[in-house]
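Listed below are the residues making up each chain.
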Amino acid sequence: MWLTLLIVAFGLFVVFKITLISYRRRRYPEPHEDWSTIDLDDVSFPQGFRWGTATAAHQVEGNQINNWTVHEAAKGLEPSGAACEHWERWQDDFQLLSDLGMTSYRFSIEWSRLEPTEGVWEDDALAVYSAMVDDLLARGIRPVVTLHHFSHPDWWEAKGGFADRANLPSFVAYCERVFEALSDRVTTWVTINEPTVFSTMGYTVGMFPPGKRSIPLTLRVMRNLLLAHGIVYRALKGKNPDVSIGVAKNVTLFDPKNRWSPIDWPLARLLEWFWNGAWRSGIQRGRMWFRDVPEAKGALDFVGLNYYTHVLTGLSLPALRHMKFQKRSQEIATEFGYPMYAEGLRRAIEFLAPLGVPIEITENGVADKNDTLRTEHLKRHLWVLSEAIAAGHDVRSYHHWSLMDNFEWAEGYSMRFGLYEVDFETQNRTLRGSGEVYRDVVAKV
Ligand code: IFM
């Protein structure tokens, strides 16, 4: 009895302490600009800054057979199907990049195309990726290749995928094979896209494959992703030390919804650590969730930043599982439900800066079918980015998510992130007004 009381009292004391420390250290509410007073055209970017867009194989290529197609069918989700038929239309799509004046393009390789059956390699598929690289280079566009962007062969998933570290050698072998084929021309590599999103959505929330809900499993997958990154980084650098290898980290910020709540503050701190801090310290210290991951220590030549929003923490947090987000009264809700919070891009950059490597914005964009918000969204984020660079942050590129509308995972085709609108009946691509704005900004700066 006394022991229980003591434990409860101690727990309350810890919560109170965290609340107090957090409250003192942080501005409340988090920084917000008065956008009506800001000239969004007043931006400048350094010479050589790269402008790009980003896509991922499963979202655009079409007709895949992988962990995602299996998950789509099992959960009755909208099937990815033909997607943007990019596998057939990639040359036309690369012309769209040229039309926008892009100098960088981030895309991912679909492992299940290269190794549809364990140990059976389809070199023809690799030859297509190689031709893509040649085409981009001929256009003066830097290819940025992502090795894992949420999808992988189902035979690998059946063995446990990233949940079992015994599976990592096959992943490393796949990465090495791609690297051997492309690294004579591709100098910028992303090992894994959004490790925390992958592990949380797949193993806590269950909306991504394999659709599990287990915190211990989530933590294990997070650590194995860090390990996988470290092993791949070292293996590829061993083959060619001149390339630049990083991770695309989704930095979502967590802010307390209410000023006085002893729940909101500790929750914000806890989630921020879980989502962002644990990964950063994993790279800095080579340690995650009480275990050493020495392979990951310092394994980074640049860090990719995928920035979208901040999350307001509080008692309503469980609603996040159903994609229900909170916003401040002055914020605009995006179609996905989360608020547009461009100020957070600066905070996300500041969060990554201690890693001491250049930053590439590997993703930033908004779901906006009717294109009513995207121009404002883009301009605010570019303004914040321009300010961050002026303040001395070493940011080398900006990749808009996405070149064109595509398959938005569990949301199917309902969320439209494209600078180009895609008519999925005809596969016609039409440049949106915001796409014209992006093209003009790039031409001007
Ligand atoms: O479409 C996704 C992408 O695959 C990963 N980052 C976020 C995007 C928009 O939700």
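Our subject is the structure listed above.
The structure reproduced in this document is the subject of the present report. (Residues numbered from 1 in each chain as written. Predicted model: local features only at pLDDT ≥ 70, side-chain atom pairs only at ≥ 80, totals over all residues. Heavy atoms only, no water.)

**Here's the deal with empty space enclosed by the protein**
Applied cut-off: With a 1 Å grid spanning the protein atoms alone, the term cavity applies to any set of points in which a 1.4 Å probe fits but cannot get out, the term pocket to an open set with protein on both sides within 12 Å along at least five of seven lines, and the term lining residue to any residue with an atom within 4 Å of a point. Grid points are joined across faces, edges and corners, and a volume is the space filled by probe spheres set on the points. The secondary structure listing takes helices from DSSP runs of H or I that are at least 4 residues long and strands from runs of E that are at least 2 residues long, numbered from the N terminus. Polar here means any residue other than Ala, Val, Leu, Ile, Met, Phe, Trp, Tyr, Cys and Pro, which are nonpolar, and Asp, Glu, Lys and Arg, which are charged; Gly is therefore polar.
For the structure on display, the rule yields one cavity of 30 Å³ or more. As a volume, the largest cavity reaches approximately 50 Å³. Taken together, Thr-55, Ala-56, Ala-57, Val-60, Glu-61, His-86, Phe-94, Tyr-105, Phe-107, Ser-108, Tyr-129 and Met-132 form the lining of the largest cavity. Those elements that provide at least two residues to the lining of the largest cavity are helix H2 (57-60), helix H4 (86-100), strand S2 (104-108) and helix H6 (123-138). Class assignment of the residues belonging to the lining of the largest cavity gives a composition of eight nonpolar, three polar and one charged.

**A few points about the sheet that holds strand S4 (residues 188-193)**
The test is simple: At least two bridges found by DSSP between two strands is the condition for calling them paired. Fitting a line to C-alpha atoms yields each axis, with helices limited to the stretch in contact; the angle taken between N-to-C directions then spans 0 to 180 degrees.
Reading around the circumference, S1-S2-S3-S4-S5-S9-S11-S12 is the order of the eight strands in this closed barrel, with parallel pairing throughout. Taking each pair of neighbouring strands and ignoring which way they run, the sheet shows an average axis angle of 25 degrees. Of the pairings in the sheet, the one linking strand S9 (residues 302-306) to strand S11 (residues 359-363) comprises four bridges and is parallel in character. Across the sheet, Leu-305 pairs through a bridge with Ile-361, a residue of S11.

**Notes on the environment of Leu-182**
Filter applied, for reference: Only protein chains enter the calculation, and the probe is 1.4 Å; a residue is then buried if its accessible area is under 20% of its type maximum, exposed if over 50%, and partly exposed in between. The contact rule is simple, with two residues in contact once any of their heavy atoms fall within 4.5 Å.
Here Leu-182 lies in helix H8 (residues 168-182). Looking at Leu-182, the relative accessible area reads 0%, which means it is buried. Each C-alpha atom, one on Leu-182 and one on Glu-295, is 24 Å from the other, the two residues being 113 residues apart in sequence. Ignoring anything within four residues of it in the chain, the contact list for Leu-182 reads Ile-109, Tyr-129, Ser-130, Val-133 and Trp-189.

**Observations concerning the nonpolar core**
As a reminder, the rule being used: Note on terminology: a nonpolar core comprises buried Ala, Val, Leu, Ile, Met, Phe, Trp, Tyr and Cys residues joined through side-chain atoms within 4.5 Å.
Residues Phe-171, Trp-189, Trp-279, Leu-305 and Leu-385 are the most contacted members of the largest nonpolar core, which totals 122 residues. It is helix H10 (residues 215-239) that provides the largest number of residues to this core, a total of 11 residues. Non-local contacts of Leu-385, meaning those with residues more than four positions away in its chain, are made with Phe-45, Phe-49, Leu-345, Ile-349, Ile-361, Val-395 and Tyr-398. One finds Ala-56, Tyr-308, Tyr-338 and Trp-401 within the second-largest nonpolar core, a separate group that totals nine residues.

**Structural notes on the side chain of Ser-199**
What counts is decided by this rule: Any pair of N or O atoms that falls within 3.5 Å is considered a polar contact. Within protein, one atom must be able to donate a hydrogen and the other to accept it, and sequence-neighbouring residues count only if both atoms are side-chain atoms.
Locating Ser-199 in the fold gives a position in helix H9 (residues 195-203). For Ser-199, a relative accessible area of 0% gives the class buried. Of the polar contacts made by the side chain of Ser-199, one reaches the backbone oxygen of Thr-196; its length is 3.3 Å. Beyond its immediate chain neighbours, meaning those up to four positions away, Ser-199 contacts Thr-204, Thr-218, Val-221, Met-222 and Leu-225.

**Notes on the pairing of S11**
For the record, the criterion: A clockwise path from the first strand over the helix to the second, with the strands pointing away from the viewer, defines a right-handed crossover.
Buried residues dominate S11, accounting for five of its five residues. With respect to chirality, the unit in which S11 leads through helix H13 (residues 374-390) into the neighbouring parallel strand S12 (residues 395-401) is right-handed.

**Examining the packing of aromatic side chains**
Our working definition: Classification of ring pairs rests on two measures: the distance between centres of Phe, Tyr or Trp rings, Trp counted by its six-membered ring, which must be within 6.5 Å, and the angle between planes, read as stacked under 30 degrees, edge-to-face over 60 and tilted in between. We count a charge as sitting over a ring when the NZ of a lysine or the CZ of an arginine lies within 6 Å of the ring centre and within 35 degrees of the ring normal.
Counted by the stated rule, this structure contains 38 aromatic pairs. On the basis of an interplanar angle of 50 degrees and a centroid distance of 6.0 Å, the ring pair of Tyr-28 and Trp-265 is categorised as tilted. You can see Tyr-28 sitting in the loop between helix H1 (2-25) and strand S1 (50-54) and its partner Trp-265 sitting in helix H11 (residues 264-285), a full 237 residues away along the chain. Taking the centre distance of 5.3 Å and the plane angle of 15 degrees together, the rings of Phe-336 and Tyr-338 count as stacked. Both residues of the pair, Phe-336 and Tyr-338, count as buried. Cation over ring: Arg-113 sits above Trp-87, and NZ or CZ is 3.9 Å from the ring centre.

**Brief notes about the site of the ligand**
Where we set the bar: The rule for a residue being near a molecule or strand is that one of its heavy atoms must lie within 4 Å of it. A 1.4 Å probe and the Shrake-Rupley method give the accessible areas. Residues count as covered only by the protein chains that appear here. In this scheme, a molecule is assigned to a cavity or pocket if more than half of its atoms are within 2 Å of the grid points.
Near the ligand you find Gln-59, His-149, Phe-150, Asn-193, Glu-194, Tyr-308, Glu-363, Trp-401, Glu-408, Trp-409 and Phe-417, and these make up its full shell. The side chain of Gln-59 places a nitrogen or oxygen atom 2.8 Å from an oxygen atom of the ligand. Between the ligand and the protein, one listed contact pairs an oxygen atom with a side-chain N or O atom of Glu-408 at 2.6 Å. Relative to its unbound accessible surface of 280 Å², the ligand loses 93% to contact with the protein. With respect to the pocket detection grid, the ligand is positioned in the largest pocket. Looking at the shell around the ligand, its residues break down into five nonpolar, three polar and three charged.

**Describing a nonpolar patch on the surface**
In plain terms, the rule: Patch membership requires over 30% relative accessible area and the absence of a salt bridge. Like charges are linked within 9 Å, and nonpolar side chains (Val, Leu, Ile, Met, Phe, Trp, Tyr) within 5 Å. Salt bridges are identified by distance alone: a Lys or Arg side-chain nitrogen within 4 Å of an Asp or Glu carboxyl oxygen.
On the surface, Phe-10, Phe-13, Val-14 and Phe-16 cluster together into a nonpolar patch covering about 420 Å² of accessible area. As for its position among the elements, Phe-16 is in helix H1.

**Quick notes on the pattern of salt bridges**
Applying the stated criterion to the full structure yields 23 salt bridges. Across the pair Lys-379 and Asp-41 runs a salt bridge, and its minimum N-O distance is 2.9 Å. With Lys-379 in helix H13 and Asp-41 in the loop between H1 and S1, the pair connects residues that are 338 residues apart, well separated along the chain. The exposure class assigned to Asp-41 is partly exposed, which follows from its relative accessible area of 44%. Notably, a salt bridge pairs Lys-237 with Asp-301, separated by 2.8 Å at the nearest N-O pair.

Function cannot be inferred from these measures alone, as they are strictly geometric.
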